[in-house]
Structure formats: structure tokens, C-alpha cells
Amino acid sequence: MTASAPESTAARDSRKPQTSLGSQAPQAPQDSPSPRDSPDSQSPRRRFLGVPLLAVLTVLIALSALAFGRYVVPLNEVVRLLAGQFLPVDRTWTGTEETVVLDVRLPRVLLSLLVGGGLALAGAALQGVFRNPLVSPDALGVASGASFGGVLAMLLGTGAFGVVGGAFGFGLVALAIVMLIGRLGGGNQILMIVLGGTVTAAFFSALVSFGKYVADPESELPSIVFWLLGSLSTATYPKVVTAAVPVLLGAAVVFALRWRLNVLSLGDEDATALGVPPRLTRGVFLCAVALMTAGSVAVAGLVGWVGLVVPHLARLVTGSDHRLLLPAAFLIGGSYLTVIDTLSRTLTASEMPLGILTAIIGAPFFIALLARSRNRMWSP
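What counts and what doesn't
- Residues numbered from 1 in each chain as written.
- Predicted model: local features only at pLDDT ≥ 70, side-chain atom pairs only at ≥ 80, totals over all residues.
- Heavy atoms only, no water.
- Helix = DSSP H or I, 4+ residues; strand = E, 2+ residues; numbered from the N terminus.
- Buried < 20%, exposed > 50% of the residue type's maximum accessible area, 1.4 Å probe, protein only.
- Contact = heavy atoms within 4.5 Å.
- Core = buried A, V, L, I, M, F, W, Y, C linked by side-chain atoms within 4.5 Å.
- Patch = residues over 30% accessible without salt bridge, like charges linked within 9 Å, V, L, I, M, F, W, Y side chains within 5 Å.
- Areas by Shrake-Rupley, 256 points an atom, 1.4 Å probe, with all protein chains shown as cover.
- Salt bridge = Lys/Arg side-chain N within 4 Å of Asp/Glu carboxyl O.
- Axes fitted to C-alpha atoms, helices over the stretch in contact; angles between N-to-C directions.
- Parallel < 35°, antiparallel > 145°, perpendicular 65-115°, else oblique.
- Left-handed = near helix turned anticlockwise from the far one by under 90°.
- Expected span 1.5 Å × (residues − 1).
- Bend = angle between axes of the 7 residues up to and from the residue.
- Arc of directions from axis to C-beta.
- Phe/Tyr/Trp six-rings, centres within 6.5 Å; stacked < 30°, edge-to-face > 60°.
- pLDDT = per-residue confidence, 0-100.

In terms of helices and strands, the protein chain carries 15 helices and zero strands. Counting across all 380 residues of the protein chain, residues that qualify as buried make up 45%. Taking the intrachain contacts of the protein chain between residues at least 6 apart in sequence as the baseline, contacts between residues at least 24 apart amount to 73%.

This brings us to the nonpolar core. Grouped together as the largest cluster of nonpolar side chains are 64 residues, with contacts concentrated most on Leu111, Phe130, Leu140, Val254 and Val306. Core analysis: the second largest hydrophobic core is formed by 17 residues, Ala174, Ile224, Trp227 and Ala298 among them.

This part covers a nonpolar patch on the surface. On the surface, Val339, Leu343, Leu347, Ile356, Ile360 and Ile361 cluster together to form a nonpolar patch covering roughly 470 Å² of accessible area. Where the nonpolar patch is concerned, the elements lending two or more residues are helix H14 (322–344) and helix H15 (354–373). With three residues, the single largest contributor to the nonpolar patch is H15. A residue is classified by how much of its surface remains accessible, and leucine 347, at 55% relative accessible area, is exposed.

When two helices pack together, their arrangement is captured by the angle between the axes and the distance separating the axes. Two numbers describe how helix H9 (residues 237–256) lies on H14: the axes approach to 9 Å, and their chain directions differ by 155 degrees. Taken together, H9 and H14 sit at an angle that is classed as roughly antiparallel. Here H9 runs over H14; the crossing is left-handed. Here Ala251, Val254 and Phe255 of H9 lie close against H14, whose contacting residues are Leu326, Pro327 and Phe330.

Let us now look at helix H4 (residues 95–130). Between its first and last C-alpha, H4 extends 51 Å over 36 residues, near the 52 Å set by a 1.5 Å rise per residue. Arginine 105 marks where H4 bends most, by close to 45 degrees; the proline proline 107 follows one to four residues later. When you tally the buried positions in H4, you get 28 out of 36 residues, the bulk of the element. Positioned one or two residues after H4, arginine 131 has a phi angle of 55 degrees, which is positive.

Of all the residues in helix H3 (residues 75–84), the buried ones are Glu77, Val78 and Leu81. Taken down its axis, H3 places every buried residue within 105 degrees of arc, on the same side.

What follows is about the packing of aromatic side chains. Across all of its chains, the model carries six aromatic pairs by this definition. Here phenylalanine 203 and phenylalanine 204 contribute two aromatic rings whose centre-to-centre distance is 5.4 Å and whose plane-to-plane angle is 75 degrees, an arrangement assigned as edge-to-face. Seen in terms of ring centroids, phenylalanine 255 and phenylalanine 330 are 6.1 Å apart; in terms of plane orientation they differ by 75 degrees. Their pairing is edge-to-face. Note that phenylalanine 255 is positioned in helix H9 and phenylalanine 330 in helix H14, a separation of 75 residues in sequence.

We now examine the confidence of the model for the protein chain. In this model, the protein chain carries a mean pLDDT of 82, and residues with pLDDT of at least 70 account for 84%. When mean pLDDT is compared element by element in the protein chain, H14 scores highest at 95, while helix H1 (residues 9–14) scores lowest at 45. Predicted confidence is poor over residues 1–42, with pLDDT under 50, and the contacts of this stretch with residues over four places away or in other chains come to eleven contacts.

With respect to the secondary-structure elements, leucine 274 resides in the loop between helix H11 (268–273) and helix H12 (278–300). Of the residues examined, leucine 274 reaches a relative accessible area of 55% and is grouped as exposed. For the pair leucine 274 and leucine 264, spaced ten residues apart in sequence, the C-alpha to C-alpha distance is 9.6 Å.

Among the secondary structure elements, leucine 357 is positioned in helix H15. Owing to a relative accessible area of 6%, leucine 357 belongs among the buried residues under this scheme. Residue contacts for leucine 357: discarding those within four places in its chain leaves Ile340, Leu343, Ser344, Met352 and Gly362.

A few words on unusual backbone geometry. Residue tryptophan 305 is not a glycine yet carries a positive backbone phi of 75 degrees. With respect to the helices, strands and loops of the structure, tryptophan 305 is situated in the loop between H12 and helix H13 (306–318).

Should the charged atoms of two oppositely charged side chains come close, the side chains can pair. For the structure on display, the rule yields five salt bridges. Taking the shortest distance from any N to any O, the salt bridge between arginine 91 and glutamate 98 comes out at 3.0 Å. The exposure class of glutamate 98 is partly exposed, given its relative accessible area of 22%. In this structure, the salt-bridge partner of aspartate 341 is arginine 108, at a minimum N-O distance of 2.8 Å. Residue aspartate 341 is located in helix H14, and its partner arginine 108 is located in helix H4; the two are separated by 233 residues in the primary sequence. Here aspartate 341 matches arginine 108 in class, with each residue buried. Through salt bridges that share partners, Arg108, Asp341 and Glu351 make up one connected network.

The geometry of helix H6 (residues 159–182) relative to H12 is characterised by a closest axis approach of 8 Å and an angle of 140 degrees between their N-to-C directions. Classified by the angle between their axes, H6 and H12 sit oblique to one another. When you trace H6 past H12, the crossing you get is right-handed. For the pair H6 and H12, the contacting residues are Val163, Val164, Ala167, Phe168, Gly171, Leu172, Leu175 and Met179 in the first and Arg282, Leu286, Cys287, Ala290, Leu291, Ala294 and Ala298 in the second.

This is how it looks when you write it as C-alpha cells:
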């Protein structure tokens, strides 16, 4: 058997990298990092670790809020006092410290965690449903509708549960109006939804003003105005329960369907092809958002900017994967409002309303986020 002929020069040259400018393959530098060491390959691990770290940070912020105020309680005494409610611990705290922590600050901190987490989760869910980073419960008129429902319930004297029911019902009415206006948009449905939300918010804000106009100036008007400014100063354990039922129920629905939000962000056609009915799924999310917003507005009044700013903060930590984004938004929202509430009761002698502080801090912070992210603010 004869040996094969040696390769020709042309065949050997064809295996060499081409040196022409148009066909030369780029050569990786010798010191370039391997794919395993690249930042992109490590980012998923960082994102998964972000949610547990946020949970730890939320607990630390809650404990600090229990400790700080006009009457400072040592942080170690706060921990021992809380542990003493469940475990046999030697009593080293005073009766005043126990009253301040358990009766005054603890229901307020629990309420701030629920309200802030619910509003932030509602904003993150709405931004995912509409694939628009500028959507929030305020922009869609849900908060204004819920405010009118609460004011109407106060005028009728239906009590705390009536306020929640009225806020929830009119929050759904506001969403229904916005969705009907969105159907008129033809090609640009997102723009029509945002414009419809602006019109709906203005309409219900006018109804709220009318409610204040007809309210009794001595008995009803002060409570309505104080409630609309946003405050947690009247926090009690019954109010915590009142807020926990709608907020946690809506949050459970959103968390259970968070993977469907990833599919829904691909578009209606792709979602249908993957077995997710867009219209039904969107309706379920909107009902859950209305429930969380109603529960938050009913106990805390109008607290703006949380549902708009916090989802962007969460997106910086976890990315756009809603399986991680939604829990992160809930935790950051609760921590954010707890910090704001702590500032509101310690900065000045008279307590500052939450709505004022969230706007003062949230507006410039949102401008900074816009400047940082620019065109990368949303990546479906």
C-alpha cells in the first residue's frame, strides 16, 4: 500500500488564518479572561444571592427602626425584648422600653413593611404587565380610585373594613376605565393606557376634592385630609391585620404567577404560543395589584413614588427576571418605607406626612436612576 502524497502548498495555506483585512478572524488576546471568569457568567449567582441579602437587610432595618426615635432603646435590648416574647429570657429592659417597642413602634414597623412592600410589588407587577418602566399604581389611576373609595367610605361611616372594601372596589373601577381607554389606542396601546391613567387619576382626584368639599369641617374633613397625606402614626395591631389580608393575598397571587410575567413580557403572540392566555393572566395580575394598592391606601393614605422608584432599584440588583425581581421589590419597598417612616417621626418635632417625604426623596432619586440607566432602563 503506497503512502499518501504530501499535502500541496495550496492545501496547507488554506488551513492558515487569512491575513487579509476583510477575512482575518479576530484573535483573542493572551491575557483575556476565560468565559468562566467573565462578569456576565458570575452575575446570575450574584442575582440569586441578592434576595437573601435583601431579606437580612430588611430585618436589620426593622430592628433599627424599633430602636431609634425620640426615645432611643438600645438595639440589644430590642432583640432581647422581642426574643423574650417567645423564649425564656432574663428581663433586662424597663417597662417604658417595652411599651415603646411593642405598643408604639412594632405595629408601625409591621405596617410600613406591608404598605411599602405591597406598593413596590404592585408597581413591579404593573411594569411587567405593560412592559413599561414608567407605569405605577399612581400613573394608572389605581391609587386615586382607591383614595376616592376610602373617602366615600369615610363619609358614609362604614368603618375600617368598609374603607378597604371601598378602596378595593374603586381601584378596580379605575383599572377597568384605564383598560377600556387602552383598547381605543389601536396601534400604540401602551401610550393610550398611560394617557388613560392620567385622565382617570385626574377624574378621581376631582371626586376626592368634592368629597372633602362636602365633608363636615369639624368631624370628617380633618380625618380625611390627614389620611390622604399619608401617615402611619395611627398604626395599631388591628390596622396591621386590616392591611395584611389584602396585601398578602395579592402578593401571594403575584408570587405564584411570577414566572408567567416573564412569558407575558415576550408579547401576547409568544405568550399564547407558550400556553399562557395573555388577557386572563393580565386580568389576574391587575386584580392582585388593585387588592394590594387598596389595602395600602386604606391604612396609610396616599404614599407616592414607592411603586415607581423601588422596582428600578430592585432591577439593578436582580435584573429583569421577575422570579427574582418581584421578591426583591417587596423587600426593598418595605425597607424603603420603614426608613422613610423613621425619618418622618425623628427629623422634626411634629411628624411629617409620608407622602411629602417620599416625593422629596423619590423624585430626585428617580432622576438619578434615569440618568444612570438611560436607554438600558428596561430590557424585557
